[in-house]
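# Overview (structure and organization)
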Amino acid sequence: MCGIVGKYFINKELYNSRDLQAMIRAIEHRGPDDKGEYYDERVALGFTRLSIIDTFSGHQPLFNEDNSIMAIVNGEIYNFKDLRQTLNTKGHKFKTKSDCEVIIHLYEEYGDHFIEKLNGMFAFCLYDIKKEKLLIARDRVGIKPLYFYKDEKVLVFSSEIKGVIASDNVQCCKREDVLDEYICFRYLSNGRTFFSKINALEPGTCIKVEGNEINFLRFWNQERTYILEDDTSIIQKIEETLNDSVQRQMVSDVPIGSLLSGGVDSSWVSTIAGKYLQNIDTFTVAFKEREYSESKYAQSLAAKFRFHYHELEVDNKESAELLPKAIWIHDEPLAHANSLQIHLICKYASEHVKVLLTGEGADELFGGYPRYYICKLGSFFLQQNAYTQGILQKILQAIPERKTKKLQSFLGKSDKELVLWNAEFIRLKMLSGLFDHDEPDISQRIQLLERSWDYDLDLMDNLLIFEQKTYLQAILHRQDKMSMGASIESRVPILDNQLFALANAIPAKMKIKYFQPKHLFKKSAAKHITNDIVYKKKVGFGVPMGPWLRDKNGMGRYLELLNDCADSIEGIKKEKLHDIIKYH
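So, here's what we can say about the structure. (Residues numbered from 1 in each chain as written. Predicted model: local features only at pLDDT ≥ 70, side-chain atom pairs only at ≥ 80, totals over all residues. Heavy atoms only, no water.)

## Comments concerning a nonpolar patch on the surface
Residues Y387, I391, I395 and I399 make up a contiguous nonpolar surface patch of roughly 390 Å² in combined accessible area. Its place among the elements puts I391 in helix α13 (residues 386–397). (Patch = residues over 30% accessible without salt bridge, like charges linked within 9 Å, V, L, I, M, F, W, Y side chains within 5 Å. Areas by Shrake-Rupley, 256 points an atom, 1.4 Å probe, with all protein chains shown as cover. Salt bridge = Lys/Arg side-chain N within 4 Å of Asp/Glu carboxyl O. Helix = DSSP H or I, 4+ residues; strand = E, 2+ residues; numbered from the N terminus.)

## A few points about the side chain of T358
Here T358 lies in the loop between β16 (355–357) and α11 (362–366). There is a polar contact of 2.7 Å between the side chain of T358 and the side chain of E360. In this structure, T358 is in contact with L259, V269, Q479, S490, R491, V492 and P493, ignoring residues within four places of it in sequence. (Polar contact = N/O pair within 3.5 Å; in protein donor to acceptor, adjacent residues only side chain to side chain. Contact = heavy atoms within 4.5 Å.)

## Side note on helix α3 (residues 102–110)
Within the span of α3, buried status applies to V102, I103, I104, H105, L106 and Y107. Here the buried face of α3 lies against β4 (62–63), β5 (69–77), α2 (80–89), β6 (120–128) and β7 (133–138). Phi turns positive one or two residues past the end of α3, at G111, with a value near 75 degrees. (Buried < 20%, exposed > 50% of the residue type's maximum accessible area, 1.4 Å probe, protein only.)

## Observations concerning the sheet that holds strand β2 (residues 34–39)
Hydrogen bonds along the backbone pair up the strands of a sheet, which may run parallel or antiparallel. Taking strand neighbours across the sheet as the criterion, the six strands line up as β2-β3-β1-β9-β8-β10 in an open arrangement whose pairing is antiparallel. Since the sheet does not close on itself, it has two edges, and those belong to β2 and β10 (198–200), each with one partner. Pairs of neighbouring strands in the sheet enclose a mean axial angle of 15 degrees, with direction left out of account. Two elements, strand β1 (residues 2–9) and strand β3 (residues 43–49), share seven bridges in a ladder whose sense is antiparallel. (Pairing = 2+ DSSP bridges. Axes fitted to C-alpha atoms, helices over the stretch in contact; angles between N-to-C directions.)

## A look at the state of the cysteines
Counted under the stated rule, the structure contains zero disulfides. Take C125: it sits in no disulfide, and the sulfur closest to it among the cysteines is that of C206, at 10.0 Å. Just so you know, C184 is unpaired, no disulfide at all, and the nearest cysteine sulfur is the one on C375, 16 Å from it. C184 gets classed as buried once you look at its relative accessible area, which sits at 0%. (Disulfide = S-S within 2.5 Å.)

## A few points about the packing of aromatic side chains
In the structure shown here, the tally under the stated rule is 18 aromatic pairs. Note on Y182 and F194: the rings are 4.9 Å apart at their centroids and 90 degrees apart in plane angle, and the pair reads as edge-to-face. Placement of Y182 in helix α5 (residues 179–185) and of F194 in the loop between α5 and β10 is noted, with a sequence separation of 12 residues between them. Just as Y182 is buried, F194 falls in that class too. Judged by centre distance (5.9 Å) and plane angle (70 degrees), the rings of F287 and W548 are edge-to-face. Taken together, the positions of F287 in strand β14 (residues 281–287) and W548 in helix α24 (residues 545–549) put the pair 261 residues apart, joining distant regions of the chain. Here F287 and W548 have matching classes, each one buried. Of note, K117 hangs over the ring of Y110, and the distance from its end group to the ring centre comes to 4.4 Å. (Phe/Tyr/Trp six-rings, centres within 6.5 Å; stacked < 30°, edge-to-face > 60°. Lys NZ or Arg CZ within 6 Å of the ring centre and 35° of its normal.)

## Some words on the pairing of β1
Burial of β1 is extensive: eight of the eight residues sit out of reach of the surface. Covered by surrounding structure in β1 are C2, I4, G6 and Y8 together with G3, V5, K7 and F9, the residues of both alternating faces. As judged from the five bridges shared by β1 and strand β9 (residues 154–158), these two strands associate in the antiparallel manner. By the bridge assignment for β9, V5 is matched with S158.

## A short note on the environment of L45
Turning to its location among the elements, L45 is positioned in strand β3. With a relative accessible area of 1%, L45 lands in the buried category. Separated by 517 residues in sequence, L45 and L562 place their C-alpha atoms 40 Å apart.

## Observations concerning the pattern of salt bridges
One pass over the structure, following the stated rule, counts 30 salt bridges. One salt bridge connects K133 with D112, and the closest N-O pair in it is separated by 2.9 Å. In this pair, K133 sits in strand β7 while D112 sits in the loop between α3 and β6, placing the two residues 21 residues apart along the sequence. Salt-bridge contacts for R248 lead to D496; the nearest nitrogen and oxygen are separated by 2.8 Å. Placement of R248 in helix α6 (residues 231–248) and of D496 in the loop between β17 (489–491) and α20 (497–504) is noted, with a sequence separation of 248 residues between them. Per residue, the accessibility class of R248 equals that of D496, and both read buried. Through salt bridges with shared partners, one network takes in R30, K144, E160, K162, D331, D480 and K481.

## Some details on the nonpolar core
With 74 residues, the main nonpolar core has F114, I115, L118, F124, I238, L495 and I506 as its most contacted residues. The residues contacting I506, other than those within four sequence positions of it, are Y226, I227, I234, I238, F366, D461, K511 and L520. I345, F410, L431 and I512 belong to the second largest nonpolar core, which has 64 residues in total. (Core = buried A, V, L, I, M, F, W, Y, C linked by side-chain atoms within 4.5 Å.)

## What to know about the packing of helix α18 (residues 459–469) against helix α19 (residues 471–484)
Close contact between α18 and α19 brings their axes to 3 Å; oriented N to C, the two are set at 30 degrees. Overall, the two elements α18 and α19 adopt an arrangement that is roughly parallel. Contacts from E467, Q468 and K469 of α18 reach α19 at Y471, L472 and Q473. In terms of residue class, the contact of α18 with α19 is built from two nonpolar, two polar and two charged. (Parallel < 35°, antiparallel > 145°, perpendicular 65-115°, else oblique. Nonpolar A, V, L, I, M, F, W, Y, C, P; charged D, E, K, R; others polar.)

## Brief notes about unusual backbone geometry
Positioned with a positive phi, N67 is a non-glycine residue whose angle comes to about 60 degrees. By the secondary structure assignment, N67 is in the loop between β4 and β5. Looking at N67, the relative accessible area reads 43%, which means it is partly exposed. At N279, a residue that is not glycine, the phi angle is positive and equals roughly 55 degrees.

## Digging into the packing of helix α10 (residues 339–349) against α19
In the contact formed by α10 and α19, the axes pass within 8 Å of each other and the chain directions differ by 40 degrees. Put simply, α10 runs oblique to α19. Between α10 and α19 the crossing geometry is right-handed. Contact residues: α10 offers S339, I342, H343 and C346, while α19 offers R478, Q479, M482 and S483. (Left-handed = near helix turned anticlockwise from the far one by under 90°.)

## A look at the sheet that holds strand β12 (residues 213–218)
One open sheet holds the six strands; their spatial order is β4-β5-β6-β7-β11-β12, and the pairing between them is antiparallel. Two strands close off the open sheet at either side, each with one partner strand: β4 and β12. Sheet topology note: the β4/β5 ladder contains two bridges and is antiparallel. Directly across from F63, in β5, lies its bridge partner M70.

This is the structure in structure tokens:
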């Protein structure tokens, strides 16, 4: 796991590399163990290394046999042993034991299309020195980040936005019209960031630069062929595939552990990992506010399977003090309150391990969020006649439960509207009057939905596809930035190529069944962990932000700061913001 930066000069006469060291320093927290550079009259490339596999000889840049092709890589290639064996039989000679060296030899053997053969999490730069051809690519799911800036003179890229900004070729300017979508959904569609002309490379995408030509290429498109099997058969396939994924992702030359929240996803991943690594170190966040803490479930599981259990209790003051640094690490406003706790537990874990397995991805692949039922019920409502719709509305209005209020607000929406708004962070009604324009600008999100929509699929399948392109990306950004900010590599076995493909071959109607989110995944998990963990009410990684914001010695200090700075925030009605702050 590492960080990469670089520049490719489309106009060679404008070449300069004096800023490369500043770009490397901007992301050195991602790889404090080693660094490397490469320069010629066309490119300036840099690398920082967190040594995980082949810690002694895996220095980067990596080169082929005659030093005509080189690469710098952030991430891990989990199928590198099989690929290496194949390449050896074809006559390729390896200089290191690094998993990443296969990238160079795959390019030699298969050309630009080699990327589709990789199973891993990665963002890399490959440079063909003789041809002056550069390829930068990001893994198919979007686990590892890669940002870029381009104009008619230069392409600049980095694992983090701050690495791009550190380049002399980039003017740091804010991007207009992004606050609306970010406040509504905690994510910006179509690769946009808060910085003008700096974008995230889309997952499964490669940028190819050769001379003055720049092309964006998709190296992977999701193919969907549904499994026509019964629940029992699919449950077994999930079990076997996740087991293989965890085992594959435990390859490491340094200590490895697991994040254990107490929920079903991380519990099952940890349990599988514990089969292959006796007394595995697990790490759990706890709060003094016990209603937000799932640590009792994590502790119970650890005791049963004899994990080496570590618990970190996080409080308001510690989180408040971390906030400015966490925003710097994240490069943009924090999208999730628990980003702070993820960084703190990773920092604590770094005293014991360098790699952590996590449970990210199960909800978006297997239909785990209760809010998905709003789409299901909203679609059912549309199919009823006016009389039945009226009865259903009266029933819902008579129920004071908060969640039914959200459901009521979705009744009557079209299928696309149900998907578009399903992941809203703040209800549209609450946002009313906050912006200095009538409606929040979410045009980019609507464009993404239109491009993603498959009319051959039903509503729930389209929902999960859209979630993987939006909400999952925000989750992965958070996990990468907060863990790498503590020099920890996070791995996500549930998003392994094979399990990802299996999950998306299962019809959504089989995943969300009997009013049980993640139905098949939980059935499979229940064969290995206790029902009190598998079937307990979903909490997520909750944080006691409400009471913390009311404490001026903790997070509450930032409400006061926000109140004082309200006049300087463009696009927001100050009076409405003051009312929201007062409400808290």
